[in-house]
Amino acid sequence: MRIGIPKEIANGETRVAATPTTVPKLVKLGYTVVVESGAGVNADFSDDAYTAAGAEIGTDTEVWASDLILTVNEPADEKLKLAKAGSTVVSFFGPRQRPEVADKLASYDVTAMSMDMVPRISRAQSLDALSSMSNISGYRAVVEASHAFGRFFNGQVTAAGKIPPAKVLVIGAGVAGLAAIGAAKSMGAIVRATDTRPEVAEQIESMGGEFLSVENVGAEVSTDGYAKEMSDDYNKRAARLYSEQAPQVDVIITTAAIPGRPSPKLITKEMVESMKPGSVIVDLAAAGGGNCELTRPGESYVTENKVTIVGYLDVPKRMPAQASELYGNNLVNLVKLLTPGKDGEVVVNFEDEVLRSMTIARRGEVTFPPPATKVSAAPKKPAAAPVAAEETEVKPKRKPLTAAQKFGLVIGAAALWIAISAVLPFNFLQHVMVFGLACIVGYYVISAVEPALYTPLMSVSNAVSGITIVGAITQLTNDVMMIRIVAFLALVIAGINMFGGFAITYRMLGMFKKEDANA
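Predicted model only: the values in this text are computed from it and were never measured.

*Asks:* Would you mind going over the pairing of strand S6 (residues 111-114) with me for this structure?
*Replies:* For a regular strand, side-chain orientation follows a simple rule: the groups alternate between the two sheet faces. Alternating residues of S6 divide into Thr 111 and Met 113 and Ala 112 and Ser 114, and every residue in both groups is buried. Here strand S5 (residues 88-92) pairs with S6 via four bridges, running parallel. Bridged to Ser 91 within S6 is Ser 114. Here S6 pairs with strand S16 (residues 359-362) via three bridges, running antiparallel. By the bridge assignment for S16, Ala 112 is matched with Ala 361.

Here's what the structure looks like:
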């Protein structure tokens, strides 16, 4: 079969669906790749570069006669009329914003798959083109802000005087927000960030930012990793936080966008008026009307109080080569999923929830909206066996320890410690006390960690276990038998902990490498 890469004709589009780097990966799957002449010019990819990568250069008609068409933007009707009967067309169709597009595509004898319908599950992350473009948007937002700001982001001490670092506030710590935090911090700015999800606090801090918490008694850990709409009470508290920060910061970057809905208004006119002259607002949610009341979608302008508001709609397009590379890799991962036999044959398997969710029309049939994605399958509970009457009696609950019993346990533990102290060396007892305190502190610290953060915690645990093993090995030849016994037990227990930690970590990493393992 043949894959066609047409030239994008949308106004201002600079990206392309395949690059000289991704073409060989498609060829390796058994396809012939045909690229329309001039398709990569705006991204600085020449026809010669595609030819050297193993692609053929063809005309518009030749490309659309292919079995699998990969594009960036929704093709025009005159292009879809050229499509081969039974072919598969992949693009950003946006059915959530425009449900009628599914009906239009169903009028053609093609299978249409939308890249903005990739389900939010671990196995589909390598296909998530929205995240790829958000990553670029976050980085580019900092570039646009630094250009409009007109001053250093990093602080300096020079012979001419001291220059304070710029202060940046990032609202929303999703993919775009984290990319903006990392870029701004790398430029030397003081970065603050806030988000509706409490579990992203450590992600923000790991990027070098300061997490600004909005007091919210109803905050819960996100089950899917994405932000949710918040209550009016939360929004009022958040507005107070933004009002306090607006006069203090130099740059505000907003990323709160809800697919298919207008962007929530977070920055009011009054907040903009309170900002210092020369400040900058970069509104990455401009496509939905903007998070700032004064945003003009598609424009960058300066307000009366000299605040620059950037509301570009084409942020990823401003980095065409990088955007094309990332999008091209997303498409390669999709084609791998569509080609289980690596034989150049497209198989749209509706038993695969990823392919089913992405397919919005199939050869005259509207398949949008897709069924709800099952994040995890709960095991079925076995049928309860009949219970005899005498077995239905409720077992009495264990009574809590009385004060006298607790006191007796403390006295017993103290007596045991005194007995051990009489036998073991004083230096060893000091180590035992430190170990005991470390166990107590470690228990309370780990018990307070969110389950979503167990993977990085596990890596630290493995490192601690490794240090414990090294220390235990050094004590295996000690003259005191008790020390040798304790060292051996520490060696065994730390080894089990480290082995189990690595086993679980590799298993979790395997979830993200599943697609590559099938390649």
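*Asks:* Please clarify how the sheet that holds S5 should be interpreted in this entry.
*Replies:* Strands belonging to one sheet form pairs held by backbone hydrogen bonds; the direction of such a pair is parallel or antiparallel. Here we have eight strands laid out as an open sheet, ordered S3-S2-S1-S4-S5-S6-S16-S17, and mixed in their pairing. Among the strands making up the open sheet, the edge pair consists of strand S3 (56-58) and strand S17 (365-366). When S16 meets S17, the two strands line up antiparallel, connected through two bridges. Of the residues in S17, the one forming a bridge with Arg 362 is Glu 365. The sheet contacts of helix H11 (residues 320-338) involve strand S1 (2-5), strand S4 (68-73), S5 and S6, and relative to S4 the element is tilted by about 150 degrees.

*Asks:* Please explain the packing of aromatic side chains as it appears in this structure.
*Replies:* Two aromatic rings, taken as a pair, are described by how far apart their centres are and by the angle between their planes. In total, this model carries three aromatic pairs according to the counting rule given. Ring centres 6.4 Å apart and planes at 75 degrees place the aromatic pair Phe 45 and Tyr 50 in the edge-to-face group. According to the relative accessible area criterion, Phe 45 is buried, its value standing at 14%. Exposure remark for Tyr 50: the relative accessible area of 0% places this residue in the buried category. For the ring pair Phe 149 and Phe 153, a centre distance of 6.0 Å and an interplane angle of 75 degrees mean the geometry is edge-to-face. Phe 153 sits in the buried class, given a relative accessible area of 4%. In this structure, Arg 296 is placed above the aromatic ring of Tyr 301, and the distance from its NZ or CZ to the ring centre is 3.7 Å. If you follow Arg 318 out to its NZ or CZ, it ends over the ring of Tyr 312, 3.7 Å from the centre.

Conventions we followed
Residues numbered from 1 in each chain as written. Predicted model: local features only at pLDDT ≥ 70, side-chain atom pairs only at ≥ 80, totals over all residues. Heavy atoms only, no water. Buried < 20%, exposed > 50% of the residue type's maximum accessible area, 1.4 Å probe, protein only. Helix = DSSP H or I, 4+ residues; strand = E, 2+ residues; numbered from the N terminus. Pairing = 2+ DSSP bridges. Contact = heavy atoms within 4.5 Å. Axes fitted to C-alpha atoms, helices over the stretch in contact; angles between N-to-C directions. Phe/Tyr/Trp six-rings, centres within 6.5 Å; stacked < 30°, edge-to-face > 60°. Lys NZ or Arg CZ within 6 Å of the ring centre and 35° of its normal.

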